[in-house]
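Structural characterization, general
Listed below, chain by chain, are the residues.
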Amino acid sequence: MESVKKYETQLAMRSDLVLARDKLEDGLLFKDGSEKNNSELATLLASAFPDEKWDEIKVAEQLTAADDVCKVRLLYRDGILIGTASARENRVKFPGQGYVHWVAVLPTLQNRGYGKILVKEVLHTLFEENLWPAILETDDHRLGAIKSYLSVGFAPHCLQDDHATRWSKVFYNLARPRND
Ligand SMILES: CC(C)(COP(=O)(O)OP(=O)(O)OC[C@H]1O[C@@H](n2cnc3c(N)ncnc32)[C@H](O)[C@@H]1OP(=O)(O)O)[C@@H](O)C(=O)NCCC(=O)NCCS
């Protein structure tokens, strides 16, 4: 992977596809999150995004008490919170459309398909809430996340002059042998 470069804008992806929900394997359970879950969400998000400071206040501001977030989905495995993704309307940047917000899976359980399960779940919520099509934003270096999003129907959505070139680099990097 190329060294991590922070751009002023994130890349965007869009999906018009609502895929059938997966049958959940034994032990997996979805719940809706609320402020009662702030502590466990902060722990999960801090582990998935180690470069960012997550605490209960930030979780409330960004997710459980945010008035533009319709649903915070929590994925439990055998009673332990292993992943989250939220359905939001980003009224400033994408009014009327659905926005997939803060997708995270516990690092020890990544690359097992849980990210796809979470995003498909949120796509259903957005569609049901008539927030459509669905948009998400991500960073150029998040190849695992981008691969996961592509596999549930998201496609690059170029919003800025430099996005097409940046997407070319992303696909070039996705096609290279992984060294992680
Ligand atoms: C992004 C995230 C939610 C995805 O969840 P996940 O459960 O790991 O993802 P999935 O297992 O559903 O899919 C991951 C895919 O990416 C691939 N992948 C993982 N790392 C990769 C890399 N460095 N390069 C290329 N592909 C990669 C996996 O092989 C898998 O593809 P496959 O289904 O064809 O085998 C999770 O990895 C995560 O929490 N990452 C840290 C936080 C983050 O980046 N969130 C997204 C912000 S936009």
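The coordinates are above.
Rules used in this analysis
- Residues numbered from 1 in each chain as written.
- Predicted model: local features only at pLDDT ≥ 70, side-chain atom pairs only at ≥ 80, totals over all residues.
- Helix = DSSP H or I, 4+ residues; strand = E, 2+ residues; numbered from the N terminus.
- Buried ≥ 20, exposed ≤ 12 C-beta atoms within 10 Å, placed from the backbone.
- Contact = placed C-beta atoms within 7 Å.
- Core = buried A, V, L, I, M, F, W, Y, C linked by C-beta atoms within 7 Å.
- Pairing = 2+ DSSP bridges.
- Axes fitted to C-alpha atoms, helices over the stretch in contact; angles between N-to-C directions.
- Near = placed C-beta within 6 Å.
- Nonpolar A, V, L, I, M, F, W, Y, C, P; charged D, E, K, R; others polar.

1. Things to note about the overall build of the protein
Within the protein, the secondary structure is distributed over 5 helices and 7 strands. For the protein, the residues scored as buried account for 29% of the 180 residues in total. Contacts in the protein between residues far apart in sequence, at least 24 positions, make up 68% of those at least 6 positions apart.

2. Examining the nonpolar core
Residues Val-100, Leu-118, Val-119, Val-122, Leu-136 and Tyr-149 are the most contacted members of the largest nonpolar core, which totals 35 residues. At the level of elements, α1 (38-48), α2 (56-64), β3 (69-77), β4 (80-88), β5 (98-105), α3 (114-128), β6 (134-138) and α4 (143-150) are the ones that each hand at least two residues to this core. If you tally residues by element for this core, the top one is α3, at 7 residues. Dropping the residues within four chain positions of it, Val-119 is found in contact with Ala-85, Val-100, Val-103, Ser-148, Tyr-149 and Val-152.

3. Re the sheet that holds strand β2 (residues 28-32)
With mixed pairing, the 7 strands of this open sheet are ordered in space as β2-β3-β4-β5-β6-β1-β7. Two strands bound the open sheet, and with one partner strand each, they are β2 and β7 (155-157). Put simply, the sheet's adjacent strands are angled 30 degrees from each other on average, direction ignored. Here 5 bridges tie β2 to β3, and the two strands are oriented antiparallel to one another. What sits directly across from Leu-28, in β3, is Arg-77. Sitting on the sheet, α3 touches β1 (11-15), β2, β3, β4, β5 and β6, and the angle it makes with β4 is about 35 degrees.

4. Re the environment of Ala-60
With respect to the secondary-structure elements, Ala-60 resides in helix α2. Under the C-beta neighbour-count criterion, Ala-60 is labelled partly exposed, with 15 such atoms within 10 Å. With residues up to four places along the chain from it excluded, the contact list for Ala-60 reads Glu-35, Asn-38 and Ala-65.

5. A closer look at the environment of Gly-83
Locating Gly-83 in the fold gives a position in strand β4. Gly-83 gets classed as buried once you count the C-beta atoms within 10 Å, which come to 25. Setting aside its immediate chain neighbours within four residues, Gly-83 contacts Leu-75, Ala-104, Val-105, Leu-106, Tyr-114 and Leu-118.

6. Some remarks on the site of the ligand
In the vicinity of the ligand lie 23 residues, with Gln-110, Gly-115, Gly-144, Ala-145 and Ser-148 positioned nearest. For the shell around the ligand, the elements supplying multiple residues, two or more each, are β5, α3 and α4. The element that contributes the greatest number of residues to the shell around the ligand is α4, accounting for 5 residues. Looking at the shell around the ligand residue by residue, the classes come out as 9 nonpolar, 8 polar and 6 charged.

7. Description of the environment of Lys-116
Tracing the backbone shows Lys-116 in helix α3. Here Lys-116 falls in the partly exposed class, since 17 other C-beta atoms lie within 10 Å of it. Sequence-distant contacts of Lys-116, defined by excluding residues within four places in its chain, comprise Ser-148, Ser-151 and Val-152.

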